[in-house]
Amino acid sequence: MDELIRTTTTTEDPGAVRPSTVDPEASSANGAPPAHGTGLSRHRRPGRPGRRSVALTVGALVVTAGIVAAAATGSSTGSAVDPSGETMPTAAASGWKRVFSEDFAEPTATGGFEKPYADRFSVYHGFADTAGTGRYSASALTAHDGVLDMRMRTTAGGTPLAGGIVPLVDGKWGGQTAGRYSIRLRSDEVDGYGVAVLLWSDRNVWADGEVDFPEGALGAPAWLNVHCLVDPAEKCIHQETAASLKDWHTYTIDWTPQRMTFSIDGRQIASTDKDIPTMPMHFVVQAGSLGGVPPKASDGSLLIDWITVDVPES
């Protein structure tokens, strides 16, 4: 079976496109600036079948070799509250304190996620997505059957929809300088769309840091990307994992002042003590168009079963 980590020899971002036009008023009205505010696409299009990539790592990165991807399925095997077959953990791990958890058990009307969940999430809408071709809209988000459904498609007016959320800790976004972030998700394969789950600067300053995990084209392999603090256009960690976004997996970022560790389904895949953010950050989930305009016929979903956020006990 495949190892959970694969690597690549390039740090360039082939999906980079022109800066997007961001409406700062709409952004600030929702409590957080848009992550990837420079408009550089971070998503990767699906590779050719059988293509293998190799990873460049800069700094003291430890890659855990020989880890085998856990069995996963793209279909639901659990209850309505736990559709992915894995229940959201109710307690934090030793040394951590739970400050946020959500399993989307409360259903909403189609496209009606924002109002019922307003005390738990800031929702993106009213500005361009990272690639600059789509538009964030609360109408893309629906909670049903125990999941948050971010449905990517093109409106009748020709606008590709994008979805973005920021979990609120004690009713506010951001403020963490360390944390443990877990998300369980899967996606359809939706041509022209991708997802980035990331830590992003509260100040919306790229040089404060950017950590993307998982990231990739919907339905394609999941990537780990950590941008360099000195030159954020460069990726000091750039790795393709053997986990596919089309299957249910749990992705975890452990962030302390001394080290960042990354895990899939509880198995550590990488750890580094370099390029660790020191400024306040917030957790973001955003799905939208890749570079270029998605095919109008593309239509599918990113499904999130649950999200947890923990902070150090002391």
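Computed from a predicted model, the values in this text were never measured in an experiment. (Residues numbered from 1 in each chain as written. Predicted model: local features only at pLDDT ≥ 70, side-chain atom pairs only at ≥ 80, totals over all residues. Heavy atoms only, no water.)

1. Re the side chain of T154
Then, in step 1: Tracing the backbone shows T154 in the loop between β8 (147-153) and β9 (161-167).
Then, in step 2: Judged by relative accessible area, T154 falls into the buried class, the value being 17%. (Helix = DSSP H or I, 4+ residues; strand = E, 2+ residues; numbered from the N terminus. Buried < 20%, exposed > 50% of the residue type's maximum accessible area, 1.4 Å probe, protein only.)

2. Quick notes on the pattern of salt bridges
Then, in step 1: In the structure shown here, the tally under the stated rule is eleven salt bridges.
Then, in step 2: The partner of R259 in a salt bridge is D273, with the nearest N and O atoms 3.8 Å apart. Of this pair, R259 sits in the loop between β15 (249-255) and β16 (260-264) while D273 is found in the loop between β17 (267-272) and β18 (281-289), placing the two residues 14 residues apart along the sequence.
Then, in step 3: One salt-bridge network, in which partners are shared between bridges, spans E102, E106, D119 and R120. (Salt bridge = Lys/Arg side-chain N within 4 Å of Asp/Glu carboxyl O.)

3. Notes on the side chain of T261
Then, in step 1: Relative to the helices and strands, T261 is located in strand β16.
Then, in step 2: For T261, a relative accessible area of 14% corresponds to the buried category.
Then, in step 3: Within the local environment of T261, its side chain forms a polar contact with the side chain of S271, the two groups lying 3.2 Å apart.
Then, in step 4: Filtering out sequence-adjacent residues up to four positions away, T261 remains in contact with T252, I253, D254, Q268, A270 and S271. (Polar contact = N/O pair within 3.5 Å; in protein donor to acceptor, adjacent residues only side chain to side chain. Contact = heavy atoms within 4.5 Å.)

4. Comments concerning the nonpolar core
Then, in step 1: Formed by 50 residues in total, the largest nonpolar core has its most connected members in F113, M150, I165, F262, I304 and I307.
Then, in step 2: Leaving out residues up to four positions away in the same chain, I165 has contacts with F113, F121, S122, V123, L141, L148, M150, F283, V284, V285, I304 and I307. (Core = buried A, V, L, I, M, F, W, Y, C linked by side-chain atoms within 4.5 Å.)

5. Notes on the packing of aromatic side chains
Then, in step 1: All chains considered together, the criterion is met by 13 aromatic pairs.
Then, in step 2: The interplanar angle of 55° and the centroid separation of 5.6 Å between the aromatic rings of F113 and F121 together place this pair among those described as tilted. No difference in accessibility class separates F113 from F121, as the two residues are buried.
Then, in step 3: Where Y181 meets F283, the ring centres are 5.1 Å apart and the plane angle is 25°; that geometry is what we call stacked. One end of the pair, Y181, is in strand β10 (residues 179-187); the other, F283, is in strand β18, with 102 residues separating them in the sequence. Here Y181 matches F283 in class, with each residue buried.
Then, in step 4: Following the ring pairs from residue to residue traces out a cluster consisting of F100, F104, F113, Y117 and F121. (Phe/Tyr/Trp six-rings, centres within 6.5 Å; stacked < 30°, edge-to-face > 60°.)

6. Side note on unusual backbone geometry
Glycine aside, negative phi is the norm for most residues, and most peptide bonds take the trans geometry.
Then, in step 1: Each neighbour pair has its own omega, and for F213 with P214 the value is 0°, a cis peptide bond.
Then, in step 2: Checked against the element boundaries, P214 lands in strand β12 (residues 210-217).
Then, in step 3: For F104, which is not glycine, the phi torsion reads 55° and is therefore positive.
Then, in step 4: In this fold, F104 is placed in the loop between β4 (96-102) and β5 (121-123).
Then, in step 5: F104 gets classed as buried once you look at its relative accessible area, which sits at 0%.
Then, in step 6: One non-glycine residue with positive phi stands out, namely N204, at about 60°.
Then, in step 7: Looking at where N204 falls in the secondary structure, it is placed in the loop between β11 (193-201) and β12.

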